[in-house]
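What the coordinates show
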Amino acid sequence: MNFNIIKKISSGSFGIVYLIKYNNDYAALKRINLNDLHYDDYRRQLHELNILFFNSSPYLLKGLDININNSQYLEIVTPYYEGGTLENYIMTHKSCNKQINSTIIKNLLINLCVGIKYLHDNDIIHRDLKPANILLDNKTDPKKAIIIDFGVSTILNNNKIDLAKTKIGTPYFMSPEQVEINKKYNSKCDVWALGCILYELVTLDKPFRAANIQSLNIKIIKSDYKPLVNTFNDPDIELFKKITSTTKSKDRTCKVANRTKCLHTLTKQNALIRYK
């Protein structure tokens, strides 16, 4: 595998990401030190590789090439997206107190819906959907959102109704089922996270905030958040209000009922989304 490293983009617990020149084009290279991985880490890497190299969705990150360097480093080449993460895009707007255009929000949300639907149609739950795990094609006028980081995703059983009790995810975006003890959850946890992301795109703030994790969990379970306000009667914001609203049912899985019912109205003609 031939490439030239241009610069380091980021680093994390599982390796370093570089901007590289690969086949006369820009790409991203993730380099992972295999000596730093434990058994569960290996399992997660293999699971992520399966999704990277075998998915056919335009809204999921794809693997381009893979290599083992000196029997120590796993190197994964993926497309490079110059827009960076959705998290940075939101932070940029928040720093200058500038709202994100509702048309951009709607287009990105459609992309995410289609990407998540592809995972769910293949019996996969992402489980850690958040702005930091979404890449954009452009920093100022993004038209495409790409879902990344499938290391903690999991495969549904044949039942598809209830799944694991493993508490995996980022607290701000976890569903009530995920934060409650001994609660099983299914693909609707991704739909919940999608609503939290939409809320942050509209308000530039997270729907649930608290001083500690226990208080945060209580707010999530009770759906204790400030509903969106449509000050200027924007039809897009009105739709976003419906998507981010929750029911007061004791059945936590029903809290995304309005959200799942409304999502299909975003995807017209070729990309009708329905969650069952």
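Residues numbered from 1 in each chain as written. Predicted model: local features only at pLDDT ≥ 70, side-chain atom pairs only at ≥ 80, totals over all residues. Heavy atoms only, no water.

1. Description of the confidence of the model for the protein chain
Let me state the cut-off plainly: A score between 0 and 100, pLDDT records how confident the predictor is in each residue. In what follows, residue pairs with any heavy atoms lying within 4.5 Å of each other are defined as contacts.
Model confidence for the protein chain is summarised by a mean pLDDT of 86, while 84% of its residues fall at 70 or above. Segment residues 268-276 is flagged for pLDDT under 50; beyond a separation of four residues in sequence, or across chains, it makes 20 contacts in the model.

2. Regarding helix α3 (residues 102-121)
Note the following rule: Numbered from the N terminus, helices here are DSSP runs of H or I no shorter than four residues, and strands are runs of E no shorter than two. A helix is expected to span 1.5 Å multiplied by its residue count minus one. Polar contacts, as counted here, are pairs of nitrogen or oxygen atoms within 3.5 Å of one another; within protein the pair requires one atom able to donate a hydrogen and one able to accept it, and residues that are adjacent in sequence qualify only if both atoms are side-chain atoms.
Its 20 residues give α3 an end-to-end C-alpha distance of 28 Å, which sits within 8% of 28 Å, the value for a rise of 1.5 Å per residue. Measuring from the side-chain oxygen of the N-cap residue of α3 to the backbone nitrogen of threonine 103 gives 2.8 Å; that N-cap residue is asparagine 101.

3. Considering the packing of helix α5 (residues 188-203) against helix α7 (residues 235-244)
Between two packed helices, the angle of one axis relative to the other and the distance separating the axes together describe the packing. Quick reminder of the rule: Angles run from 0 to 180 degrees between N-to-C directions of axes, and those axes are lines fitted to C-alpha atoms, restricted for helices to the stretch in contact. By definition, turning the near helix anticlockwise from the far helix through less than a right angle yields a left-handed crossing, and turning it clockwise yields a right-handed one. Each residue gets one of three labels, nonpolar for Ala, Val, Leu, Ile, Met, Phe, Trp, Tyr, Cys and Pro, charged for Asp, Glu, Lys and Arg, and polar for the others, Gly among them.
Where α5 meets α7, the closest approach of the two axes is 9 Å, and the angle between their N-to-C directions is 145°. Pair α5 / α7 crosses with left-handed handedness. Seen from α5, the contacting residues are Gly195, Leu198, Tyr199 and Val202; seen from α7, they are Ile237, Phe240, Ile243 and Thr244. When the residues that make up the contact of α5 with α7 are grouped by side-chain class, the tally is six nonpolar, two polar and no charged.

4. Things to note about the pairing of strand β4 (residues 65-69)
Counted only if it meets this: Pairing between two strands is assigned when DSSP locates at least 2 bridges connecting them.
As paired strands, β4 and strand β5 (residues 73-79) are joined by five bridges and run antiparallel to one another. Paired with aspartate 65 across the two strands is valine 77, which belongs to β5. The antiparallel hairpin formed by β4 and β5 contains three residues in its connecting segment, where asparagine 70 sits at a positive phi of about 55°.

5. Some thoughts on the packing of α3 against α5
The condition that has to hold: Angles are sorted into four bins: roughly parallel if under 35 degrees, roughly antiparallel if over 145, roughly perpendicular if 65 to 115, and oblique for all others.
Where α3 meets α5, the closest approach of the two axes is 11 Å, and the angle between their N-to-C directions is 165°. Comparing their axes, α5 and α3 come out roughly antiparallel. The handedness of the crossing between α3 and α5 is right-handed. Along its contact with α3, which presents Ile105, Leu109, Leu112, Cys113, Ile116 and His120, the element α5 presents Asp190, Val191, Leu194, Leu198, Leu201 and Val202.

6. Some remarks on helix α6 (residues 213-222)
Applicable threshold: Note on exposure labels: buried denotes an accessible area under 20% of the residue type's maximum, exposed denotes more than 50%, and partly exposed covers the range between, all computed with a 1.4 Å probe on protein chains only. This arc is built from the directions going out from the helix axis to the C-beta atoms.
Turning to α6, its buried residues are Leu216, Asn217, Ile220 and Ile221. Looking straight down α6, one finds that the buried residues subtend no more than 135° of arc, so they occupy a single side. Turned more than 90 degrees off the buried face of α6, the exposed positions are Gln214 and Lys222. Against the buried residues of α6 lie α4 (176-179) and α5. The backbone nitrogen of glutamine 214 lies 3.2 Å from a side-chain oxygen of the residue at the head of α6, namely asparagine 212. Looking one or two places after α6, you find serine 223, whose phi comes out positive at around 55°.

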